[in-house]
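# Reading the structure
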Amino acid sequence: MFTIAINHGLVIDTRNKKCRKLHVGLNGSKIAALSETPLQGKKIIDAAGCYVSPGFIDVHGHIDGVVYPAELSACQGVTTTVGGNCGCSPADLGRFFKEQERQGFPIHQAMLVGHGNLRQAVGVEDPYQKADDEQIVRMAVLAEEALLQGACGISFGLDYVPGCAIEEVTALAKIAAKYHRICPVHTRLLTEGDLYSLFEIIKVAQETKAHILISHFVYQYCEGLVEDALRMVDRARAQGLSIHIDSGMYTNWATYFDTTTFAYENICNNHWKWEQMVVATGRYTGRVMDEELFFHMKECCPHESVIFFEGQEWEVYECLVKDYAMPSSDTCGYAKGEGHPQIAGSFPRYLRKMVREKKLLTVEEAVRKATLLPAELFGFQGKGCIEPGMDGDVAVFSLEEVCDRADYPHRGKPDAKPLGIFHVIVDGECVVDNGKYMDARSGKIIRKREK
């Protein structure tokens, strides 16, 4: 008898992009069997009318050990999150890993070491200052230590350190390439309409041969840039460079108010309008920005998050139909009732829009881009497939019923949980059961070890 039997579902074969009616047996933390006939288990899930998928891998998040956003991710079908993105990671990854392993977590966590943290560690506090040669060497040493501790790559948030020299990025990317690890990059955008930011990262890929992942691509290159930007990536890949992108289901992005992105000079340079900004966290949640509120918040509450509204919905689809693109959420550790709808709606919206409504991807293609493709890119062994011996990370959902309900904070609830994702199993334990979050702690730290 299996610990969990999932019967009568359409099992998605991510390797061959097919699906067939099968019955899945899990024993402990592993998938143990695929059967033509129904299986017996201590717990039996009737998946009739549903798809049985590997758990989704969210390649771009900022959960970093905070439980509530992990709960929201689990309810979307996410079983693994990659944290430490945009150059911002826990200061001491070794300690973070030990603490998370001791207390458990709702979903699996892989972590990147952040370039921004490395800059601070070697004394570069000013985001408009570049590191000197000695500081770059010290950053490289610290980055290598983090990779040896198990970090899955080195992340860059160049938009947040506009003074950073490309030599910093190149030196660290060489370390990542040495260990065959990934370099996710939040590119810097000096002005709207800037494509040089993408060009410089392609040059880094040429020089270092590192695996580059351009973060939240549609946030970086919307407002008419996306087609030209994708052509640049297509050309780079045709030259043999390892460049992928991740992108969410929204063009309206969010970041923290005290970053250089929301510096007054940047707002003026880009000709942004106050009404394009909505406060996402804190006492002013849901307020549309105006000049008086802007300067008041800069003085009294600069650490809140603000959503910026721009772009066109079609740009999302242009990104995510690419065979080298993966869906992501850019989720953050917001409090209940606060934030951007991406924290609760990204993956159900991806299935609803890309598959059911727009029919831009088959369900098999869409699931592969959210499971096997990121597992292969990051080197997550045991993930991304429903096969005997693979990890017991599974999502059961109805394509006809899956629906995101989260909305922007001035219009609704940004953390409203979705419909149609009925069961989510993490490491062989039900974290979501019949649509209800079970407050489980079966998630593990994923440490990268092999060189």
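Look up a bit, the structure's there.
The shown structure was predicted, so the numbers you read here are calculated from the model rather than taken from an experiment.

## Quick notes on the side chain of Gln-220
With respect to the element layout, Gln-220 can be found in helix α7 (residues 217-220). When its relative accessible area of 6% is taken as the criterion, Gln-220 is described as buried. Here the side chain of Gln-220 touches His-216 through a polar contact of 3.2 Å, side chain to side chain. Not counting residues up to four positions away in its chain, the partners in contact with Gln-220 are His-186, Thr-187, Leu-189 and Ser-215.

## Side note on the packing of aromatic side chains
Per the stated rule, a full pass over the model turns up 21 aromatic pairs. Seen in terms of ring centroids, Phe-56 and Phe-397 are 6.3 Å apart; in terms of plane orientation they differ by 50 degrees. Their pairing is tilted. Taken together, the residues span a long stretch of sequence, with Phe-56 in strand β6 (residues 56-58) and Phe-397 in strand β20 (residues 394-397) at a distance of 341 residues. You can call Phe-56 buried: its relative accessible area is 2%. Phe-397 sits in the buried class, given a relative accessible area of 1%. One aromatic cluster is present, formed by Trp-253, Phe-257, Phe-262, Tyr-264, Trp-272, Trp-274, Phe-294, Phe-295 and Phe-308 through successive ring pairs. Lys-298 extends its terminal NZ or CZ atom over the ring of Phe-257, reaching a point 4.3 Å from the ring centre.

## Quick notes on the nonpolar core
Counting 121 residues, the largest nonpolar core has Phe-217 and Phe-397 as the members making the most contacts within it. Apart from the residues within four sequence positions on either side, Phe-397 is in contact with Ile-12, Cys-50, Tyr-51, Ser-53, Phe-56, Leu-351, Val-363, Val-367, Gly-420 and Ile-421.

## With respect to the environment of Ala-440
In this fold, Ala-440 is placed in the loop between β23 (436-437) and β24 (445-446). You can call Ala-440 buried: its relative accessible area is 5%. The sequence separation of Ala-440 and Glu-401 amounts to 39 residues, and the corresponding C-alpha distance is 25 Å. The residues touching Ala-440, leaving out its near neighbours within four places in the chain, are Phe-105, Pro-106, Glu-429, Cys-430 and Val-431.

## Side note on the sheet that holds strand β17 (residues 305-308)
In a beta sheet, neighbouring strands are held together by backbone hydrogen bonds and run either parallel or antiparallel to one another. Strand order in this open sheet of three strands is β15-β17-β16, and the pairing throughout is antiparallel. Two strands close off the open sheet at either side, each with one partner strand: β15 (253-256) and β16 (277-279). When strand polarity is set aside, the average angle formed by the axes of neighbouring strands in this sheet is 30 degrees. Bridging between β15 and β17 involves four bridges; their strand directions are antiparallel. In the sheet register, Ala-254 faces β17, and the bridge partner there is Ile-307.

## Concerning the packing of helix α11 (residues 313-320) against helix α12 (residues 342-357)
The interhelical angle for the contact between α11 and α12, taken along N-to-C directions, is 90 degrees, at an axis separation of 12 Å. Regarding the angle of α11 to α12, the classification is roughly perpendicular. Counted together, Glu-313, Tyr-317 and Leu-320 of α11 and Arg-349, Tyr-350, Lys-353 and Met-354 of α12 form the full contact between these two elements. The class makeup of the residues in the contact of α11 with α12 is four nonpolar, no polar and three charged.

## Overview of helix α6 (residues 196-208)
Compared with an ideal rise of 1.5 Å per residue, which puts 13 residues at 18 Å, α6 spans 18 Å between its outermost C-alpha atoms and is within 8% of the ideal. For α6, the full list of buried residues reads Ser-197, Leu-198, Glu-200, Ile-201, Ile-202, Val-204, Ala-205 and Thr-208. Elements in contact with the buried residues of α6: α5 (166-178), β12 (182-186), β13 (211-214), α7, α8 (226-238) and β14 (243-247). A positive backbone phi angle near 65 degrees is found at Lys-209, which sits one or two residues after α6.

## Points about the pairing of strand β8 (residues 78-83)
With six of six residues buried, β8 lies mostly within the body of the structure. For β6 and β8, the ladder comprises three bridges, and the chain directions are parallel. Paired with Phe-56 across the strands is Val-78, a residue of β8. Bridge count for β8 against strand β9 (residues 108-111) is four bridges, and the pairing is parallel. The residue of β9 that forms the bridge with Val-82 is Ala-110.

## Quick notes on the pattern of salt bridges
Close approach of charged atoms allows side chains with opposite charge to pair. What the rule picks out here adds up to 24 salt bridges. Of the charged contacts, one joins Glu-387 and Arg-15 as a salt bridge, the two residues approaching to 2.7 Å between their closest N and O atoms. Highlighted residues: Glu-387 in the loop between α14 (372-378) and β20 and Arg-15 in the loop between β1 (2-13) and β2 (18-27), separated in sequence by 372 residues. Given the relative accessible area of 24%, Glu-387 is considered partly exposed. Taking relative accessible area as the criterion, Arg-15 reaches 44% and is therefore assigned partly exposed. Salt-bridge contacts for Asp-433 lead to Lys-43; the nearest nitrogen and oxygen are separated by 2.8 Å.

What counts, and at which threshold
- Residues numbered from 1 in each chain as written.
- Predicted model: local features only at pLDDT ≥ 70, side-chain atom pairs only at ≥ 80, totals over all residues.
- Heavy atoms only, no water.
- Helix = DSSP H or I, 4+ residues; strand = E, 2+ residues; numbered from the N terminus.
- Buried < 20%, exposed > 50% of the residue type's maximum accessible area, 1.4 Å probe, protein only.
- Polar contact = N/O pair within 3.5 Å; in protein donor to acceptor, adjacent residues only side chain to side chain.
- Contact = heavy atoms within 4.5 Å.
- Phe/Tyr/Trp six-rings, centres within 6.5 Å; stacked < 30°, edge-to-face > 60°.
- Lys NZ or Arg CZ within 6 Å of the ring centre and 35° of its normal.
- Core = buried A, V, L, I, M, F, W, Y, C linked by side-chain atoms within 4.5 Å.
- Pairing = 2+ DSSP bridges.
- Axes fitted to C-alpha atoms, helices over the stretch in contact; angles between N-to-C directions.
- Parallel < 35°, antiparallel > 145°, perpendicular 65-115°, else oblique.
- Nonpolar A, V, L, I, M, F, W, Y, C, P; charged D, E, K, R; others polar.
- Expected span 1.5 Å × (residues − 1).
- Salt bridge = Lys/Arg side-chain N within 4 Å of Asp/Glu carboxyl O.

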